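Spelled out, the chains give:
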Amino acid sequence: PIFPSEQVRQNKGGRPAESDKENARHRNKKAGKKLKSKRGVTMVIPDSDSEEETRVKSSNKVFKGYSFLLTRVSDPNDKLANVIQRLGGKMVDSIQDAANEVAALSKPSGSRNRKISGSIPIVLAPKPLLTHKFLFALAQGLCPILPEFVNHAKKIAGLPDPLTFAVGIPKPLEGAKINVHNWPSLRRRNGLEPLDMKNRVFYGMTLAAYQLNEGQKLILTTAGAKIKVIDRVSARKVPKSAACVISGQRAIFTEDYRGDAVGFHWVIECLLRQRVIKATDEFKVEDKADYDDEEDE
């Protein structure tokens, strides 16, 4: 005789029933799908021999469309960078990379030359600085943001008010310091949207660049200037359309050029005030020809 306990269990269609272990696996898989559809999260279950605990990864990409540029920010083990990337943001290493991200935004999505999707750069800084990355933010009509902005976004699973984390702008040599919280244009742009090019500090100006490095030239063009690189400061070399010469050296031979030749610290001062200021004597570079005249005397 065949006892009931020895009979093979069967489903309605006559197919042998799955074992209890297989049924449990299917139930867990089905439950996982429901959890994803209802809560918008995915459970990541490590292998049994892994020491990593079960983690819940948020699907809310609050930094999508933004890239981050760090200046003087301590980020041991790339913890901050990892949070940025998990929240959908990009990490860029230089102001040239950041400028490439901006340029890609203006290219059609189907363009063959569009190697990157494009994003709006956000500069993170721990305090007021005068680094190229900090000045790059000012050239866009923005102020850098404190690093705490990133972890707060993770905490609230959303985009915090950037102006709450805005870094102060260094005080210019003359005049009042800009209060970023009372900067009407910045508030209208929510603290993250760059100024339109036509509203930036040097828009519509042509400047002659003499002995400037690539970072300095990029800052000028980001601020809206058209630059003409020259290898000598002379009336023949400096374009007539140039408002002045920006020199990377403190002392130069100006030959027969009679216009203004200022140092890059004049550019910094304009960016700190967010307007073009007069090229007074304190910003002008020294003329080496004056030394020769003194020696002749």
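Structure: see above.
Residues numbered from 1 in each chain as written. Predicted model: local features only at pLDDT ≥ 70, side-chain atom pairs only at ≥ 80, totals over all residues. Heavy atoms only, no water.

**Q** Any chance you could explain the pairing of strand β7 (residues 226-230) here in plain terms?
**A** The side chains of a regular strand alternate, first on one face of the sheet and then on the other. The pairing of strand β6 (residues 206-210) with β7 spans five bridges and is classified as parallel. Following the sheet pairing, A208 is matched in β7 by K228. In terms of handedness, the path from β6 via helix α7 (residues 214-222) over to β7 forms a crossover that is right-handed. (Pairing = 2+ DSSP bridges. Helix = DSSP H or I, 4+ residues; strand = E, 2+ residues; numbered from the N terminus. Right-handed = clockwise from strand over helix to strand, strands pointing away.)

**Q** What is the right way to read the sheet that holds β7 from this model?
**A** Backbone-to-backbone hydrogen bonds pair the strands of a sheet. The strands run either parallel or antiparallel. Across the sheet, four strands lie side by side as β7-β6-β8-β10; this open sheet has parallel pairing. The open sheet terminates on both sides in strands that have one partner only, identified here as β7 and β10 (261-263). Across the sheet, the axes of successive neighbouring strands diverge by a mean angle of 35°, strand direction being ignored. Across the sheet, helix α8 (residues 264-273) is in contact with β8 (242-247) and β10; its angle to β10 comes to roughly 70°. (Axes fitted to C-alpha atoms, helices over the stretch in contact; angles between N-to-C directions. Contact = heavy atoms within 4.5 Å.)

**Q** It is not clear to me how the packing of aromatic side chains should be interpreted in this structure. Could you clarify?
**A** Note on aromatic pairs: each is described by the distance of the centres and the angle between the planes. Tallied over the entire structure, the rule returns four aromatic pairs. Members of the aromatic cluster, joined through ring pairs, are F63, F68, F149 and F165. (Phe/Tyr/Trp six-rings, centres within 6.5 Å; stacked < 30°, edge-to-face > 60°.)

**Q** Just to check I follow, could you spell out the packing of helix α3 (residues 95-105) against α7 for this structure?
**A** A pair of packed helices is characterised by two quantities: the angle between their axes and the separation of those axes. Direction vectors running N to C along α3 and α7 enclose 30°, while the axes themselves pass 10 Å from each other. The crossing of α3 and α7 is left-handed. On α7, the residues that touch I95, Q96 and A99 of α3 are G215, L218 and I219. Its residues assigned to classes, the contact of α3 with α7 shows four nonpolar, two polar and no charged. (Left-handed = near helix turned anticlockwise from the far one by under 90°. Nonpolar A, V, L, I, M, F, W, Y, C, P; charged D, E, K, R; others polar.)

**Q** Would you mind going over the side chain of T222 with me for this structure?
**A** Turning to its location among the elements, T222 is positioned in helix α7. Excluding residues that lie within four positions of it along the chain, T222 makes contacts with F136, A139, Q140, M197 and R200.

**Q** Where do I start with the nonpolar core in this structure?
**A** Nonpolar side chains in soluble globular proteins tend to end up buried together. Core analysis: the biggest nonpolar cluster contains 48 residues, and F202, I246, F264, W266 and L271 have the highest contact counts within it. Sorting the residues of this core by element identifies α3, α4 (132-139), β6, α7, β8 and α8 as the ones contributing at least two each. Sort the elements by how many residues they give to this core and α8 lands first, with seven residues. Ignoring sequence-local partners within four residues, the contact set of F264 consists of L135, L212, Q216, I219, L220, I246 and S247. In this structure, V62, V73, L124 and L192 belong to the second largest nonpolar core, which totals 19 residues. (Core = buried A, V, L, I, M, F, W, Y, C linked by side-chain atoms within 4.5 Å. Buried < 20%, exposed > 50% of the residue type's maximum accessible area, 1.4 Å probe, protein only.)

Everything listed here is a matter of geometry and, on its own, says nothing about what the molecule does.
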